[in-house]
Amino acid sequence: MAAADERLAAREQAEVAVTQHRWPRPAITLLSLAVVFGIWELCAPLINPVFGSYPSEIAMAFWQLARTGELWIALGQSLQPFVVGYGLAIAVGVPLGLVIGRFRTVEAALGIYVTAGYAMPLVALVPLLILWLGLGFWVKVAIIFLMSLFPICINTWLGVTAVPKSLIEVGKSFVATDAVILRRIVLPATLPYIMAGVRLAVGRAVVAMVVAEFFTSISGLGAIILKSANNFETANMFVPILLLVVLAVGLNSLIGFVERRVAPWQAEIAGRDRE
Amino acid sequence: MSEIDLIDLSKRFALKVDGKPQIVHALDGLNFTVRTGEVAALIGPSGCGKTTALRIAMGLDSASSGRVTVDGRVVKGCGYDRAMVFQHAELLPWLTALQNVMFGLELKGVRGELLRETAMQCLDLVGLKDSHQRRPYQLSGGMQQRVGIARALAVDPKILLMDEPFGALDAQTREDLQEQLLGIHARTGKTILFVTHDLDEAVLLADRVVVMQHGRLQEIVTVPLPRPRTDLAALRVTPEFATTRYRIWQALHAAAGTVH
């Protein structure tokens, strides 16, 4: 007991010592952003406003679009199907991945569709989906759902196969049923993989959202991008693009935060000791 | 009465060596009995099937032929009459020490205040009451194994099965835990069957040592050391310890001699 306490204390001290002469990470990221945007802004005189744009002009365009309310309406139109489609993908993908990974028969029966679905160019199916579902809300949901479902499902599946057999045997030795082993051992042990899949899917879901709006081109941020590009209003085009990037990055760090909350042991076990 | 009988136990694996299928006899007609309240050690060269025998007794593996009985009833799968202590503790990393101990109890159907109370008592028994809120990665190897023992004791099994429980620990921690296990045995009177590769451990802890070779029983050596055994360091320098250790050593070497 004393040995463990000493070890913990030593590690704490080491951590304090290390962080003292290190830059905080957000500061490094902000500095990096400032440099990149600074150089981009400095290049402004060289940029033809039809072929490109620069930060101050994009900021002006943002102000215009935000003041008229056009941007916020479009954002709402994009976010609603995003939340529904992405949420459905998690709600379906995680349980599906769990059962495929846990039970051989289910893996043999359904695994092939998940692998195929992941590799399939789903964009090619969009015209068909429009025929089925029209140009409204649900076609966007379907596209976002399909494109984010597979990375979540495959990662969960992979995670289940990586659960140590010995932990399953702990459950068995205490006479746990299959359902209990799945819920109380496999699910928590797979959480880090699930979160990785959920993270990967954010990027694909954002792309899916824009693709869907390009094809339907009636509403949302995708429609602003398309309309601005067609009118050679390049600065306007950049506004929703950058907004989407900020959204995706924000969502990504939110998921990272959730991950540290639901799986705090992972950071301790995995090698996070980097230079 | 809780007596565990291994009767004519055999286990065959199909193995592919250089692409050719081979049948490996992990257990080949093993017979022995562990009496009520007894501590028995299972020892033998690696690959002799001692862990396989223990896993079949627990119900984690099935025998190819033969059977294991507890109090005369044939073992079919796991049950709360037996509990396993694993070689590397195998705590669930997302649960605290207390929650790990409560895990088996909850599965057994214990609820409410009794659940927490029993788990705390078991942690107290292994001397970890104050660390009940730590997670496994915040515990040393020895502490983890003590939680593993507490978790097994919590379901109040008649028989404790242990697979090289102290094999992965450093010498000093191992000795601490050996003394602690003897204390727990003296207080609870559980029947204990444990696998080890450590001659000293076998002699110090067990009443009888089952020596195995090639999936069969080689010899059963009775340990004449009296109980309670509290001072292990003093026991080590007794002539009984030395002669018993030597007899087991001879049995192991006789086993090895038959191979070549």
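Residues numbered from 1 in each chain as written. Chains lettered and ligands numbered in written order. Predicted model: local features only at pLDDT ≥ 70, side-chain atom pairs only at ≥ 80, totals over all residues.

Asker: Residues and numbers for the nonpolar core, please.
Answerer: Grouped together as the largest cluster of nonpolar side chains are 130 residues, with contacts concentrated most on A:Ile144, B:Leu42, B:Ala57 and B:Leu193. Residues lining this core come from more than one domain, with at least three contributed by each of domain 1 (4–81 + 158–257) and domain 2 (91–156) of chain B. Beyond its immediate chain neighbours, meaning those up to four positions away, B:Leu193 contacts B:Ile4, B:Val34, B:Ala40, B:Leu42, B:Leu54, B:Ala57, B:Ile159 and B:Leu161. (Core = buried A, V, L, I, M, F, W, Y, C linked by C-beta atoms within 7 Å. Buried ≥ 20, exposed ≤ 12 C-beta atoms within 10 Å, placed from the backbone. Domains from an automatic or database assignment. Contact = placed C-beta atoms within 7 Å.)

Asker: Can you tell me about the domain arrangement of chain B, naming the residues and giving the values?
Answerer: For interface size, the figure often reported is the accessible area lost on association. Residue and element names in this part refer to chain B. On domain assignment, one finds that chain B holds domain 1 (4–81 + 158–257) and domain 2 (91–156). Put simply, the middle of domain 1 and the middle of domain 2, counted by C-alpha atoms, are 25 Å apart. Listed by partner, the interface residues are 11 residues for domain 1 and 10 residues for domain 2. Per-element accounting of the side of domain 1 that touches domain 2 gives the leading share, five residues, to helix α5 (residues 171–188). Partitioned by chemical class, the residues of the side of domain 1 that touches domain 2 number eight nonpolar, two polar and one charged. (Helix = DSSP H or I, 4+ residues; strand = E, 2+ residues; numbered from the N terminus. Nonpolar A, V, L, I, M, F, W, Y, C, P; charged D, E, K, R; others polar.)

Asker: Tell me what's going on with the interface of chain A and chain B, and back it up with residues and numbers.
Answerer: Between chain A and chain B, the residue contacts involve 20 residues of the former and 23 residues of the latter. Of all the elements in the fold, those that place two or more residues in the side of chain A that touches chain B are α1 (2–20), α8 (165–173), α9 (178–216) and α12 (264–269) of chain A. With six residues, α8(A) is the single largest residue contributor to the side of chain A that touches chain B.

Asker: Tell me about the sheet that holds strand β2 (residues 20–34) of chain B, and please be specific about residues and values.
Answerer: Residues and elements named next belong to chain B. The strand order β2-β1-β4-β5 describes an open sheet built from four strands, whose pairing is antiparallel. Edge positions in the open sheet fall to β2 and β5 (73–74), since each of these has one partner strand only. Strands in contact with helix α1 (residues 50–58) are β1 (4–17), β2 and β4 (65–70); relative to β1, the strand with the most contacts, it is inclined by about 120°. (Pairing = 2+ DSSP bridges. Axes fitted to C-alpha atoms, helices over the stretch in contact; angles between N-to-C directions.)

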